[in-house]
Structure formats: structure tokens, C-alpha cells
Amino acid sequence: MRKKMIAGNWKMNKVVSDVPEFFRAFSSACGLAKDRSISAKVDILFAVPSVLLDACRTTASGMGIHVAAQNIHQETSGAFTGEVSLPMLSDIGVNATLIGHSERRQFFGETNQSVALKTASAQKAGFLAIVCFGETLEQRNAGQTEAVIKDQLDPVFDAISGLNNIVLAYEPVWAIGTGVSATSAQAQSAHEYIRNLTRSRFGGSADSLRILYGGSANPKNIAELFTKADIDGALIGGASLKPDEISSMVVKALEAK
Ligand code: PEP
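Read on for an overview of the structure. (Residues numbered from 1 in each chain as written. Predicted model: local features only at pLDDT ≥ 70, side-chain atom pairs only at ≥ 80, totals over all residues. Heavy atoms only, no water.)

## Details of unusual backbone geometry
Working note: non-glycine residues mostly have negative phi, and peptide bonds are mostly trans. Of note, Lys-14 is a non-glycine position whose phi angle comes to about 80°, a positive value. Position of Lys-14 among the secondary structure elements: in the loop between strand S1 (4–9) and helix H1 (19–30). Positive phi, close to 65°, is recorded for Asn-165, a residue that is not glycine. By the element assignment, Asn-165 lies in the loop between helix H8 (145–159) and strand S6 (166–170). Look at Asn-165 and you get partly exposed, because its relative accessible area is 34%. (Helix = DSSP H or I, 4+ residues; strand = E, 2+ residues; numbered from the N terminus. Buried < 20%, exposed > 50% of the residue type's maximum accessible area, 1.4 Å probe, protein only.)

## As for the site of the ligand
Surveying the vicinity of the ligand reveals 14 residues, the closest of which are Lys-11, Glu-171, Gly-177, Ser-216 and Gly-237. One of the side-chain N or O atoms of Asn-9 is found 3.2 Å from an oxygen atom in the ligand. Measuring from an oxygen atom of the ligand, one finds a backbone N or O atom of Gly-238 at 2.8 Å. Of all the cavities here, the one that holds the ligand is the second largest pocket. (Near = heavy atom within 4 Å. Polar contact = N/O pair within 3.5 Å; in protein donor to acceptor, adjacent residues only side chain to side chain. 1 Å grid on protein atoms, 1.4 Å probe; cavity = no way out; pocket = protein on both sides within 12 Å on 5 of 7 lines; lining within 4 Å. Sits in = over half its atoms within 2 Å of the grid points.)

## Observations regarding the side chain of Arg-2
Tracing the sequence through the fold places Arg-2 in the segment before S1. A polar side-chain atom of Arg-2 sits 2.7 Å from the main-chain carbonyl oxygen of Asp-207. Separated by 2.8 Å, the side chains of Arg-2 and Asp-232 make a polar contact. For Arg-2, the contacting residues outside a window of four places in its chain are Arg-195, Asp-207, Ser-208, Leu-209, Arg-210, Ala-229, Asp-230 and Asp-232. (Contact = heavy atoms within 4.5 Å.)

## Quick notes on the sheet that holds S1
Sheet strands associate in pairs through backbone hydrogen bonding, adopting either a parallel or an antiparallel arrangement. Pairing is parallel across the open sheet formed by 8 strands, whose spatial order is S3-S2-S1-S8-S7-S6-S5-S4. A strand with exactly one partner marks an edge of an open sheet, and here the two such strands are strand S3 (66–68) and strand S4 (96–99). Mean inter-strand twist for the sheet, computed between neighbouring axes without regard to direction, equals 25°. Pairing between S1 and strand S8 (residues 233–236): 4 bridges, direction parallel. For Met-5, the partnering residue across the bridge sits in S8 and is Gly-233. Packed onto the sheet, helix H6 (residues 112–124) meets S4, strand S5 (128–133) and S6 and runs at close to 170° relative to S4. (Pairing = 2+ DSSP bridges. Axes fitted to C-alpha atoms, helices over the stretch in contact; angles between N-to-C directions.)

## So, the pattern of salt bridges
Counting across every chain of the model gives 16 salt bridges. Arg-140 serves as the salt-bridge partner of Glu-135, at 2.8 Å between the closest nitrogen and oxygen. The shortest N-O distance in the salt bridge between Lys-150 and Asp-154 comes to 2.6 Å. You can see Lys-150 and its partner Asp-154 sitting in helix H8, 4 residues apart, about one turn around the helix. Note on Lys-150: relative accessible area 34%, which makes it partly exposed. Overlapping salt bridges, with partners in common, bring together Arg-2, Arg-195, Asp-230 and Asp-232 in one network. (Salt bridge = Lys/Arg side-chain N within 4 Å of Asp/Glu carboxyl O.)

If you want it as C-alpha cells, here you go:
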């Protein structure tokens, strides 16, 4: 059975002084403050802005919470003003990252090729890479969802050396930050397609791959999403900013069969 993952994405929100109180409230609401074994049953991860990484890691890692970057550069060093490298992150004890979030693709020119390069570099460096992808509303309405997913994932599959340390996050663009989640049936249909695609490239190891759903997941819809066979967790934006909401999603992950 695949261990569920609840991954928060703070995007460009919060400041260092918010961090201690956030994790105090979160760990007390989900039970982690009293029962550390929770983190062995569900992977809990927060992807936070670079300047918050150190504070989050210091506060959260003793609780078994993983802390991730929201983006990385594929090169280890050099003339790339404004970028953050994998060795810089390792140096402060961060070994996980999002890659290819739709906001990176939409606003910062991330392409399927750059996502593939970054994923390969992250994997080589031993990082957990959460690779994000998904179709726009126009593409869904044109019946192109599966073709778009294949176009997004094929370069990643060509670049990686297997599925170790890879988590996929299916995030339909029309569901991100809109309050309109995919239905559990829509999400399952995409996840099943993604697993089959992965199996056709990597064989049986696709059965251990975690595929997260992202897009307006919240405490009300997450239990239904978790009834589906190929939904192994969630990548959560808005609700991850509120300790009571994300903690209740951790509880729902623990309750899921
Ligand atoms: C996200 O940022 O990856 C996301 C899914 O956001 P939201 O949960 O707010 O839709």
C-alpha cells in the first residue's frame, strides 16, 4: 500500500515570524504534537518560499514534517542570478522540492523541457521531486487532457533514471486556486491514465509511485478524493496556509482506507 502524502504549498505567503505559531497550531490540531507516530503513517510536507526554508526546517523537522523548496535550478552553481541550487538547499538540510508548478509554467516560463532537466538534477542529487503538471480548461474542453499529460510527462520520463524519489502531482490548472476542484471521478480517471502511462515506461515500479491530486482540495472534499484507488495524497495551496484546515486534511488522510 502506498503511504499517503499531504503536501502544502505556501506559494508566496507568510514571513519567518509566522512559522513557530503555524507549526505549533498545526501539530496540536492534527495530533502530531502528542503522537509523533502520525508522521510514520502519512508523509506531511510543506513547500515554502526560500527565505522561510531554514526557519521551517528548524521548527518542523523534529516533528517529522518534511520541508521542501518550491523550485530549484538544474545547475549546481554559476551565473544564474536569483536562483537557488540543490547544493544550497542540501546545505541547510532541505532535500525535497516542487518542480514545474503551473504558476512557474504560467508566469516564469517553465517548459516541459526545463521541468525534465530540473527533475533529473533533483533525482541525481537525492532530492524528493514532486513534479507538477495538468491541463488548462481549454485543453480539457477540447478533449486533450490525456494528450497534454503525456506531452508533459514524456520528457520527464526520458530524463529520469527510474521512479525513485519521484512523486507526481496532477494539478488541473482550472482547479488551482479557483475553489472548483476536479470531481473525484475526473481526478481518478486522470490518475489512472497517469499510472498506466508510467507503468508502460517503468513497469511494476509504477505501482509504488505516489500520484497526488492538487486543485482546490480542502477539508470538505478530501475524504471523497481519497476513496479513489489512484489518489495517493494531495498538493494543497490555499488550505495549507490555515493550520486548522491542513491539519484536518492530515486526519482525513490517516482515516482513508
Ligand atoms: C497549488 O498551489 O498547488 C494548489 C493546488 O492550490 P489550491 O489548493 O489553492 O488550489
